[in-house]
Amino acid sequence: MKTFRLMAIGLALCALALPVFSVRAQSNAPLVEVMTVDAGIEPATLEYIQRGLKTAAQDNAEIIIIQLNTPGGDLEAMLNIMEAIRASNIPVVVYVAPKGAIAGSAGALITMAGYVSAMAPETAIGASSPISSTGQNLDSTLETKQKEIMKAKIRPLVEPRGSAALELAQSMIDNARAVTAQEALDAKLIDFIATDTNDLLKKLDGFTVQMPDGPRTLHTANAQIVTVNLNLIEQLLLLLTDANITFILIAIGLQAIVIEVSHPGGWVAGFVGVVCLALAVYGIGLLPINWFGLIFMVTAFVLFILDIKAPTHGALTAAGVGSFIVGALVLFNSPGTPQFQRVSIPLVVVVGILFGLGFAAIMTIALRAQRAPIRMGMESIAGKMGTVKDWSEHAGQVQVGSELWSAEPAEGSSAIRKGDHVEVVKADGLRLKVKKKE
């Protein structure tokens, strides 16, 4: 029996130790960390990439792969991402994928910043000419400055790849040129075309990259792949840079403020409105917008408020809906705004109509409440029925509901006696004027 117990304890200890040995065995395999950027290049993207690079350094990863699919984005965020990539002591591989993906505008320069650059088949890269924060073309002087800065940033990165690669990269900035993966490979702007991450790792195995501390040969065979995902805050910040989400927040915020103004005293609508508008301001600060559109949206807000006091209700609300729709389209969809940063026109129209219908419903309820008979205080007792409990020639006591009132006959009333049913005509101080119910 004792022997059996010792064997059981030994087996249990082996079972507990097995995962430890397994982890140690796995630790001999090279670690590859993979990040995915599938949105515009924004400050939240910068935070995500910086966090991923820091994680890769802490884990002593062999390489970190940034799988990129972006139409472009913020110039300052792009420059900071390029700086972070070049400062990394872990080789950064920028991989434009999956099939159909693009590395447009800022994404093209980020791809060039990688220690290794690769693309999946049927992908594209380029169209990197700078535009203004409102989506318009820059004036000639500012455009020249921006282009020269961008070319100066990529020149030391691309020159080692040869004259063809440098000419192509500069043409992407000067002339907004875009090319396919095969064309980029032929010009030696990228290192590989890989069908997927596994294919990329096979091609990277044994490849030598030039790091700040000298050449380094990569070992990616049988690599252990770890995915670095966006955290909750980064997801939220990226979501707020979606024009459709920003527009919805503005619509909800304005509606809530209108409700608060038209029915003051409650704090919930006002709080919701302030929070939504505060979140929308973050998105507006990053999106290429035309501020002139805000004039129409504020005008819509004023028209909704004025319609509460207008003698003919509805006309100003209809005008407000039209102003709201026009304002939203001017705000987000001005000429020159990239397609991926535009708001959906059907969404604007539907939300505008719902916005107007919602306010019309609120206004109808408010008007109905204003026209309803008073149901509280002394004024509310007029028209109620009561019973005479005691009566002399010119006055007496009447029970109305559960209350006993002093009463006197109203003008034109028939003679009243004890036990008669009477109707309250009005309240005169604490005395009721009543008439006999025939």
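Placed above this text is the structure.
A quick note: this is a predicted structure, and the numbers were derived from the prediction, not measured. (Residues numbered from 1 in each chain as written. Predicted model: local features only at pLDDT ≥ 70, side-chain atom pairs only at ≥ 80, totals over all residues. Heavy atoms only, no water.)

1. Some details on the overall build of the protein
Then, in step 1: Looking only at helices and strands, one finds 14 helices and 16 strands in the protein.
Then, in step 2: Of all 438 residues assigned to the protein, the portion counted as buried reaches 42%.
Then, in step 3: Pairs at least 24 apart in sequence give 66% of the contacts found in the protein among residues at least 6 apart.
Then, in step 4: Roughly 22,900 Å² of accessible area belongs to the protein as shown, and the carbon and sulfur atoms make up 60% of that amount. (Helix = DSSP H or I, 4+ residues; strand = E, 2+ residues; numbered from the N terminus. Buried < 20%, exposed > 50% of the residue type's maximum accessible area, 1.4 Å probe, protein only. Contact = heavy atoms within 4.5 Å. Areas by Shrake-Rupley, 256 points an atom, 1.4 Å probe, with all protein chains shown as cover.)

2. Points about the sheet that holds strand β8 (residues 192–193)
Sheet strands pair via backbone hydrogen bonds, and the direction of the pair is either parallel or antiparallel.
Then, in step 1: The strand order across the open sheet formed by six strands is β8-β5-β3-β2-β1-β11, and the pairing between neighbours is parallel. Two strands in the sheet have a free side with no partner beyond their single neighbour: β8 and β11 (224–228).
Then, in step 2: Strand direction decides the pairing type here: strand β1 (residues 31–37) and strand β2 (residues 63–68), joined by six bridges, are parallel. Bridge pairing links E33 to I64 in β2.
Then, in step 3: Set on the sheet, helix α2 (residues 43–58) makes contact with β1, β2, β3 (92–96) and β11; between it and β1 the angle comes to about 180°. (Pairing = 2+ DSSP bridges. Axes fitted to C-alpha atoms, helices over the stretch in contact; angles between N-to-C directions.)

3. Comments concerning the layout of surface pockets
Then, in step 1: If you add up the space inside the second largest pocket, you get close to 320 Å³.
Then, in step 2: Y115, L157, P160, R161 and Q210 are, among the 13 residues lining the second largest pocket, the residues nearest its centre.
Then, in step 3: Those elements giving two or more residues to the lining of the second largest pocket turn out to be α5 (140–158) and β9 (208–211).
Then, in step 4: Of all the elements, β9 adds the most residues to the lining of the second largest pocket, at three residues.
Then, in step 5: For the lining of the second largest pocket, the per-class residue count stands at seven nonpolar, three polar and three charged. (1 Å grid on protein atoms, 1.4 Å probe; cavity = no way out; pocket = protein on both sides within 12 Å on 5 of 7 lines; lining within 4 Å. Points joined across faces, edges and corners; volume = space filled by probe spheres on them. Nonpolar A, V, L, I, M, F, W, Y, C, P; charged D, E, K, R; others polar.)

4. Considerations on a nonpolar patch on the surface
Then, in step 1: Side chains of I248, I252, W267, V268, F271, V272, V275 and L279 sit close together on the surface and give an oily, nonpolar patch of about 710 Å² of accessible area.
Then, in step 2: At the level of elements, α10 (243–262) and α11 (268–286) are the ones that each hand at least two residues to the nonpolar patch.
Then, in step 3: Ranked by the residues each element gives to the nonpolar patch, the list is headed by α11, at five residues.
Then, in step 4: Positionally, V275 belongs in helix α11. (Patch = residues over 30% accessible without salt bridge, like charges linked within 9 Å, V, L, I, M, F, W, Y side chains within 5 Å. Salt bridge = Lys/Arg side-chain N within 4 Å of Asp/Glu carboxyl O.)

5. Remarks on the pairing of strand β16 (residues 431–436)
The two faces of the sheet receive side chains in turn, since in a regular strand these alternate between them.
Then, in step 1: The sheet contact formed by strand β14 (residues 403–409) and β16 spans four bridges and is parallel. Bridged to E408 within β16 is K433.
Then, in step 2: Summarising the sheet, strand β15 (residues 421–428) and β16 pair through six bridges and their orientation is antiparallel. Following the sheet pairing, K426 is matched in β16 by K433.
Then, in step 3: Taking the residues that link successive antiparallel strands as the turn, the β15-β16 hairpin has two residues, and the phi of G429 there is positive, at about 70°.

6. Some remarks on the sheet that holds strand β13 (residues 396–400)
Then, in step 1: Pairing within the closed barrel is mixed, and its five strands lie in the order β12-β13-β14-β16-β15. Averaged over all pairs of adjacent strands, the angle between their axes in this sheet comes to 55°, without regard to strand direction.

7. Observations regarding the environment of K418
Then, in step 1: Relative to the helices and strands, K418 resides in the loop between β14 and β15.
Then, in step 2: For K418, a relative accessible area of 62% translates into the label exposed.
Then, in step 3: In this structure, the C-alpha to C-alpha distance between K418 and G396, residues 22 residues apart in sequence, is 8.6 Å.
Then, in step 4: Filtering out sequence-adjacent residues up to four positions away, K418 remains in contact with V388, K389, D390 and W391.

8. Brief notes about the nonpolar core
Then, in step 1: One finds I41, I65, V158, L189, L200 and L204 to be the most contacted residues of the largest nonpolar core, which totals 71 residues.
Then, in step 2: Those residues in contact with V158 that sit more than four places away from it in its chain are M112, A165, L166, A169 and L189.
Then, in step 3: Within the second largest apolar cluster, 27 residues are counted, among which are L249, V321, I325 and V351. (Core = buried A, V, L, I, M, F, W, Y, C linked by side-chain atoms within 4.5 Å.)

9. Concerning the packing of aromatic side chains
Then, in step 1: Applying the stated criterion across every chain, the model contains three aromatic pairs.
Then, in step 2: For the ring pair F247 and F324, a centre distance of 5.8 Å and an interplane angle of 40° mean the geometry is tilted. Residue F247 is found in helix α10, and its partner F324 is found in helix α13 (residues 315–332); the two are separated by 77 residues along the sequence. One exposure class covers both F247 and F324, and it is buried. (Phe/Tyr/Trp six-rings, centres within 6.5 Å; stacked < 30°, edge-to-face > 60°.)

10. Quick notes on the pattern of salt bridges
Then, in step 1: Taken as a whole, this structure holds 10 salt bridges when the rule is applied.
Then, in step 2: In this structure, E234 engages R51 in a salt bridge whose closest nitrogen and oxygen atoms are separated by 2.8 Å. With E234 in helix α9 (residues 232–240) and R51 in helix α2, the pair connects residues that are 183 residues apart, well separated along the chain.
Then, in step 3: As a salt-bridge pair, E423 and K437 come within 3.9 Å of each other at their nearest N and O atoms. Of this pair, E423 sits in strand β15 while K437 sits in the segment after β16, and the two are 14 residues apart along the sequence.
Then, in step 4: Given the relative accessible area of 44%, K437 is considered partly exposed.
Then, in step 5: Taken together, the salt bridges that share partners define one network made up of E148, K151 and D174.

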